[in-house]
2 protein chains.
Amino acid sequence: MNAAMPDTFAAWRSARQAEIEQALSRFVPDQAPAGLGEAMRYAVLDGGKRLRPLLVLATCESVGGLREAAMRAACAAELIHAYSLVHDDMPCMDDDVLRRGKPTVHVKFGEAQALLAGDALQALAFELLVPGDGSLPDAMSARLCRLLALAAGADGMAGGQAVDLASVGVALDQPALEAMHRRKTGALLQASVTLGAATGAPASATLAALTDYGAHLGLAFQVVDDILDVTADSATLGKTAGKDAAADKPTFVSLMGLTGAQAYADDVLARAHDALRRSGLAETATLHALADWVGQRRS
Amino acid sequence: MNAAMPDTFAAWRSARQAEIEQALSRFVPDQAPAGLGEAMRYAVLDGGKRLRPLLVLATCESVGGLREAAMRAACAAELIHAYSLVHDDMPCMDDDVLRRGKPTVHVKFGEAQALLAGDALQALAFELLVPGDGSLPDAMSARLCRLLALAAGADGMAGGQAVDLASVGVALDQPALEAMHRRKTGALLQASVTLGAATGAPASATLAALTDYGAHLGLAFQVVDDILDVTADSATLGKTAGKDAAADKPTFVSLMGLTGAQAYADDVLARAHDALRRSGLAETATLHALADWVGQRRS
């Protein structure tokens, strides 16, 4: 958005990513019994772009929210994301052996441990939002729990995954495909923005604009994901490339072609930027840059 | 505890069980997409003794807590229990085909849907605790979320399950066996009592006594479970009998023999009753009766 932005953003991102890694390492217990802690840490640490935590932190910074709450919400969103990857990779779901360039959790620790690690990560996400030491206002903890539960559950991520499983070999039209992704990946990405907003007290018009931004960014993320599934190789992605086509899953590329999907990603990202401009917030450069980053990602 | 109790308790239990069934049916969505809602409702409705919800409601009544909060917490505890059964029954865990006399969720809906239904039920449990309509005080919602997250996670139920999986064929001594069960089944049963207490404002000594009661009741439940695994048949249990011995899992019966385990169950239940007598609460008849019910259950 701004010629000076890329370097500034890269510095911001690196600094925040380092803080997020430290916080995740502190929050995910290594003393959990019978190897469970080891599996949980393997699932969460040392990998990932941390897009969801970055969205939480950037939104918190834009609205002048409570930093301690934002770091906890950032980690909680990442734990939900991490648990979903662990469960999605299991043989009964996508049956994938490679994630972030490493063996998936069930390959490394066995299916039962992977199942439990995912379950425990989901519980831990909610635990983080209610520290129990009074460091977060109760009303904020309660709101963060509600936002996260809605994003993770049957109307959000888990529901989207169910639709995805039922869609193999089915020719979805664009509204149906978008409805699936709004739940499957969009809900948690959008919630990352609204979690960040909930660490402050934005005006309702600002919150509405941020919510729109999150929705567009979430959709753009998925369109780009579908493009990368076709154009990138497994080594770059750190996961198995081409698996959507192999699984006969409907994608934005199968629906509108590669060129059409790329144009659509640009269009959706433009709407994300528009929403930010409507927010009335003074400090939106980082959120604009995060939208650009989603559009430009190569893995 | 009291000659007049059984009939009074039976009436209380029937009335509350009916209310719990209605609340669960209202809270667990049938409109969740792609069959997910159907699998979630199948996992939760029409079966089960509802011991955890009954503990929440009885404790709420003893401490004069907020009824609306207690019914939500009761259902949340049951959803965590139900999700754990769905995941535990999956082929990669206990591989069981029968539960409450019906085919298990993965047998009926497939493994992927069972995995997702469990995941969505856990998220829904937390959603229930933060209604979003102001009907529960934020501080109460936050505390309920924290108690449930701790009971469900790596230090609670999920951690206990990991220890259980690692214990097949291992000769645990009594402290190790109790430590496993304190997490695996005890944490959520104890949390059912502390969730109920958190709907009110008991004095700290009362809360400590109730917490002890919950711990003893949780342990007694597991000792009786181990006894029933040996003495009951599958039709009575509604699940596969004898599976612990078949799986070479350590149990209280394998550790102390059938007679020893029965004496131990009585001893632990006596401690539960003692704790209640220390609570200073005026109305504990229902909680006493629930402890007796745990001791007398035949399925």
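Residues numbered from 1 in each chain as written. Chains lettered and ligands numbered in written order. Predicted model: local features only at pLDDT ≥ 70, side-chain atom pairs only at ≥ 80, totals over all residues.

1. Observations regarding the overall build of chain A
- A count of helices and strands for chain A gives 14 helices and two strands.
- The C-alpha radius of gyration computed for chain A amounts to 18 Å, which stays within 12% of the reference 19 Å derived for 299 residues, consistent with globular compactness.
- Its C-alpha atoms give chain A principal-axis dimensions of about 50 × 45 × 35 Å.
- Every one of the 299 residues in chain A was classed for burial, and the buried ones make up 57%.
- For chain A, the share of sequence-separated contacts (at least 6 apart) that also reach a separation of at least 24 residues comes to 72%. (Helix = DSSP H or I, 4+ residues; strand = E, 2+ residues; numbered from the N terminus. Rg over C-alpha atoms; globule rule 2.2 N^0.38 Å. Buried ≥ 20, exposed ≤ 12 C-beta atoms within 10 Å, placed from the backbone. Contact = placed C-beta atoms within 7 Å.)

2. Describing the packing of helix 3 (residues 51-63) of chain B against helix 9 (residues 174-198) of chain B
All names here are of chain B.
- Look at helix 3 against helix 9: their axes get within 7 Å of each other, and the N-to-C directions meet at 30°. For the element pair helix 3 / helix 9, the angle class is roughly parallel. Between helix 3 and helix 9 lies a crossing of right-handed hand. Every residue of helix 9 that contacts helix 3 at Arg 52, Leu 55, Val 56, Leu 57, Ala 58, Thr 59, Cys 60 and Val 63 is listed here: Leu 188, Leu 189, Ser 192, Val 193, Leu 195, Gly 196 and Ala 197.
- A breakdown of the residues in the contact of helix 3 with helix 9 according to their chemical character gives 11 nonpolar, three polar and one charged. (Axes fitted to C-alpha atoms, helices over the stretch in contact; angles between N-to-C directions. Parallel < 35°, antiparallel > 145°, perpendicular 65-115°, else oblique. Left-handed = near helix turned anticlockwise from the far one by under 90°. Nonpolar A, V, L, I, M, F, W, Y, C, P; charged D, E, K, R; others polar.)

3. Some remarks on the nonpolar core
- In this structure, Leu 148 of chain A together with Leu 148 of chain B are the most contacted members of the largest nonpolar core, which totals 207 residues.
- Leave out the neighbours within four places in its chain, and Leu 148 of chain B touches Ala 76, Ile 80, Ala 125, Phe 126, Leu 129, Ala 191 and Leu 195 of chain B. (Core = buried A, V, L, I, M, F, W, Y, C linked by C-beta atoms within 7 Å.)

4. Remarks on the interface of chain B and chain A
- At the junction of the two partners, chain B supplies 44 residues and chain A supplies 44 residues.
- Elements with a contribution of two residues or more to the side of chain B that touches chain A: helix 2 (36-44), helix 6 (111-129), helix 7 (138-152) and helix 8 (157-166) of chain B.
- For the side of chain B that touches chain A, the leading source of residues is helix 6 of chain B, giving 12 residues.
- Looking at the side of chain B that touches chain A, its residues break down into 29 nonpolar, 10 polar and five charged.

5. Considerations on the relation of the copies chain B and chain A
- You can overlay chain B on chain A at an RMSD of 0.0 Å; the transform is a turn of 180° with a shift of 0.0 Å along its axis. A rotation of that kind, with that shift, is consistent with a two-fold axis.
- A share of 100% of interface residues in chain B that are also interface residues in chain A marks the association as one of identical surfaces. (Least-squares fit on C-alpha atoms with pLDDT ≥ 70 in both.)

6. Examining helix 6 of chain B
- Here helix 6 of chain B is 19 residues long and its end C-alpha atoms lie 28 Å apart, about the 27 Å a rise of 1.5 Å per residue gives.
- Taking burial as the measure, the 19 residues of helix 6 of chain B include 18 buried ones, the bulk of the element. (Expected span 1.5 Å × (residues − 1).)

7. Points about the environment of Gly 118 of chain A
Residue and element names in this part refer to chain A.
- As for its placement among the helices and strands, Gly 118 is situated in helix 6 (residues 111-129).
- Taking the number of C-beta atoms within 10 Å as the measure of exposure, Gly 118 has 31 and is therefore buried.
- Along the sequence, Gly 118 and Ala 39 sit 79 residues apart, while their C-alpha atoms lie 9.1 Å from each other.
- Not counting residues within four places of it along the chain, the set of residues in contact with Gly 118 comprises Tyr 83, Val 86 and His 87.

8. Some details on unusual backbone geometry
All names here are of chain B.
- Phi is positive for Arg 50, which is not a glycine, with a value near 65°.
- Relative to the elements of secondary structure, Arg 50 occurs in the loop between helix 2 and helix 3.
- Within the chain, Asp 95 stands out as a residue other than glycine whose phi angle is a positive 50°.
- Tracing the backbone through its elements, the reader meets Asp 95 in the loop between helix 4 (67-88) and strand 1 (98-99).

9. A few points about the confidence of the model for chain A
- Of all residues in chain A, 95% have pLDDT values of 70 or greater, and the mean over the chain is 93.
- As scored by the predictor, the complex reaches a pTM of 0.95 and an ipTM of 0.95. (pLDDT = per-residue confidence, 0-100.)

10. Let's talk about the environment of Ala 154 of chain A
- By secondary structure assignment, the location of Ala 154 of chain A is in the loop between helix 7 (138-152) and helix 8 (157-166).
- Residue classification places Ala 154 of chain A among the buried positions, given that 28 C-beta atoms sit within 10 Å.
- Separated by 134 residues in sequence, Ala 154 of chain A and Ile 20 of chain A place their C-alpha atoms 28 Å apart.
- Excluding residues that lie within four positions of it along the chain, Ala 154 of chain A makes contacts with Gly 159 of chain A together with Pro 29, Ala 32, Leu 36, Gly 37, Met 40, Ala 120 and Leu 124 of chain B.

11. Regarding the environment of Val 193 of chain B
Residues and elements named next belong to chain B.
- You can see Val 193 is positioned in helix 9.
- Counting along the chain gives 88 residues from Val 193 to Val 105, while the straight-line C-alpha distance between them is 28 Å.
- Not counting chain neighbours up to four residues away, the residues in contact with Val 193 comprise Leu 55, Thr 59, Leu 210, Thr 211, Tyr 213 and Gly 214.

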